[in-house]
Amino acid sequence: MDHVLKLRNSIDALFGSDVSKFLPKDIEMTFSRKTGRIRTVLHEGKLLCTLRIDGGLAISPYLAQILLKSKTFRENCVEINKDAAPFVQEGRSVFCKHVVKCGKNVRISGDTPVLFKNKVIAVGRAVLSYEMISDFDRGVAVKVRDSLKSRKEEKEL
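Bear in mind that the values here come from a model prediction, so they are computed numbers and not experimental data. (Residues numbered from 1 in each chain as written. Predicted model: local features only at pLDDT ≥ 70, side-chain atom pairs only at ≥ 80, totals over all residues. Heavy atoms only, no water.)

## Focus: the overall build of the protein chain
Next up, step 1: Across its full length, the protein chain carries 6 helices and 10 strands.
Next up, step 2: Classification of the 157 residues of the protein chain by burial places 45% in the buried group.
Next up, step 3: Across the protein chain, every contact between residues at least 6 apart in sequence was considered, and the portion connecting residues at least 24 apart equals 53%.
Next up, step 4: Side chains of the protein chain give 29 positive and 19 negative charges; the mean places of these two sets differ by 3 Å. (Helix = DSSP H or I, 4+ residues; strand = E, 2+ residues; numbered from the N terminus. Buried < 20%, exposed > 50% of the residue type's maximum accessible area, 1.4 Å probe, protein only. Contact = heavy atoms within 4.5 Å. Lys, Arg positive; Asp, Glu negative; His and termini not counted. Charge placed at Lys NZ, Arg CZ, Asp CG, Glu CD.)

## So, the confidence of the model for the protein chain
Next up, step 1: Per-residue pLDDT for the protein chain has a mean of 90; in total, 94% of the residues score no lower than 70.
Next up, step 2: Across residues 153-157 the pLDDT falls below 50, and counting only partners more than four positions away or on other chains, this stretch makes 10 contacts in the model. (pLDDT = per-residue confidence, 0-100.)

## Regarding the pattern of salt bridges
Next up, step 1: For the structure on display, the rule yields 2 salt bridges.
Next up, step 2: The closest approach of N and O atoms between Arg 52 and Asp 111, which form a salt bridge, is 3.6 Å. Of the two residues, Arg 52 sits in the loop between β3 (46-51) and β4 (57-59) while Asp 111 sits in strand β8 (residues 111-116), which places them 59 residues apart along the sequence.
Next up, step 3: Accessibility expressed as a relative area gives 23% for Arg 52, which makes it partly exposed.
Next up, step 4: In this structure, the salt-bridge partner of Arg 145 is Asp 111, at a minimum N-O distance of 3.0 Å. Separated by 34 residues along the polypeptide, Arg 145 in strand β10 (residues 140-147) and Asp 111 in strand β8 bring together distant segments of the chain.
Next up, step 5: Overall, Arg 145 belongs to the partly exposed group, its relative accessible area being 36%. (Salt bridge = Lys/Arg side-chain N within 4 Å of Asp/Glu carboxyl O.)

## A few points about the side chain of Arg 8
Next up, step 1: Within the fold, Arg 8 resides in helix α1 (residues 3-15).
Next up, step 2: In this structure, Arg 8 is buried with no salt-bridge partner, the nearest side chain bearing the opposite charge being Asp 12 at 7.1 Å.
Next up, step 3: If we skip the residues at most four places from it in the chain, Arg 8 touches Ser 20, Lys 21, Leu 23, Pro 24 and Lys 25.

## Regarding the sheet that holds β8
Next up, step 1: Spatially, 6 strands are ordered β6-β10-β9-β8-β5-β7 in an open sheet, and the strand pairing comes out mixed. Two strands close off the open sheet at either side, each with one partner strand: β6 (94-95) and β7 (99-102).
Next up, step 2: As paired elements, strand β9 (residues 119-126) and β10 share 5 bridges and run antiparallel to each other. Directly across from Gly 124, in β10, lies its bridge partner Val 144. (Pairing = 2+ DSSP bridges.)

## So, α1
Next up, step 1: Between its terminal C-alpha atoms α1 stretches 18 Å, which fits the 18 Å expected from 13 residues at 1.5 Å a residue.
Next up, step 2: Buried within α1 are the following residues: Leu 7, Arg 8, Ser 10, Ile 11 and Phe 15. Buried residues of α1, viewed axially, fall in a sector of 160°; they line one side.
Next up, step 3: Looking one or two residues beyond α1, the residue adopting positive phi is Gly 16, at roughly 120°. (Expected span 1.5 Å × (residues − 1). Arc of directions from axis to C-beta.)

## Let's talk about the environment of Leu 23
Next up, step 1: On the secondary structure map, Leu 23 appears in the loop between α1 and β1 (28-31).
Next up, step 2: Between the alpha carbons of Leu 23 and Ile 11 there is a distance of 9.2 Å; along the sequence they are 12 residues apart.
Next up, step 3: Those residues in contact with Leu 23 that lie beyond four places of it in its chain are Leu 7, Arg 8, Ile 11, Leu 48, Leu 63 and Leu 67.

## Here we look at the nonpolar core
Next up, step 1: Residues Leu 7, Ile 11, Val 41, Leu 48, Ile 59 and Phe 73 are the most contacted members of the largest nonpolar core, which totals 24 residues.
Next up, step 2: Counting only elements with at least two residues in this core, the list comes to α1, β2 (38-43), β3, β4, α2 (61-67) and β9.
Next up, step 3: With 5 residues, the single largest contributor to this core is α2.
Next up, step 4: With sequence-adjacent residues up to four places away left out, Val 41 is seen in contact with Leu 7, Ile 27, Glu 28, Met 29, Lys 46, Leu 47, Leu 48, Cys 49 and Leu 51.
Next up, step 5: Counting 21 residues, the second largest nonpolar core, distinct from the first, contains Val 78, Val 99, Val 106 and Ala 141. (Core = buried A, V, L, I, M, F, W, Y, C linked by side-chain atoms within 4.5 Å.)

As structure tokens, then:
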């Protein structure tokens, strides 16, 4: 199977149909020497994602910002208020009381981009589902794995 096609199918399966059409055309892939599987995906020297052993994708904030052009992808995102934005940008977790808007496709243990003013500031794993995040005022909603500060990109708040 073509590796680019495999990546596109994985993105569509995880984040919704036709989300992969926003993936850049000129991507570079590095492969594992032992297994021959895709290890990382790069675009112009920037990390887009890494493939996990279980078949999932660990996306970067850079790829999430690219895929944000898709309305279907927005249903996988969590939007936060301005009080929590500086902390989340540093890599801290998102709490339920700071969530302003939550997409309907947010699932437990799913990769979830965190938005502030329509810009991706972090990516993490959802601890709670869409219904629980909307109902609760306490507890962690998203454990941040990768944020803008860890990538040394410009902060625009």
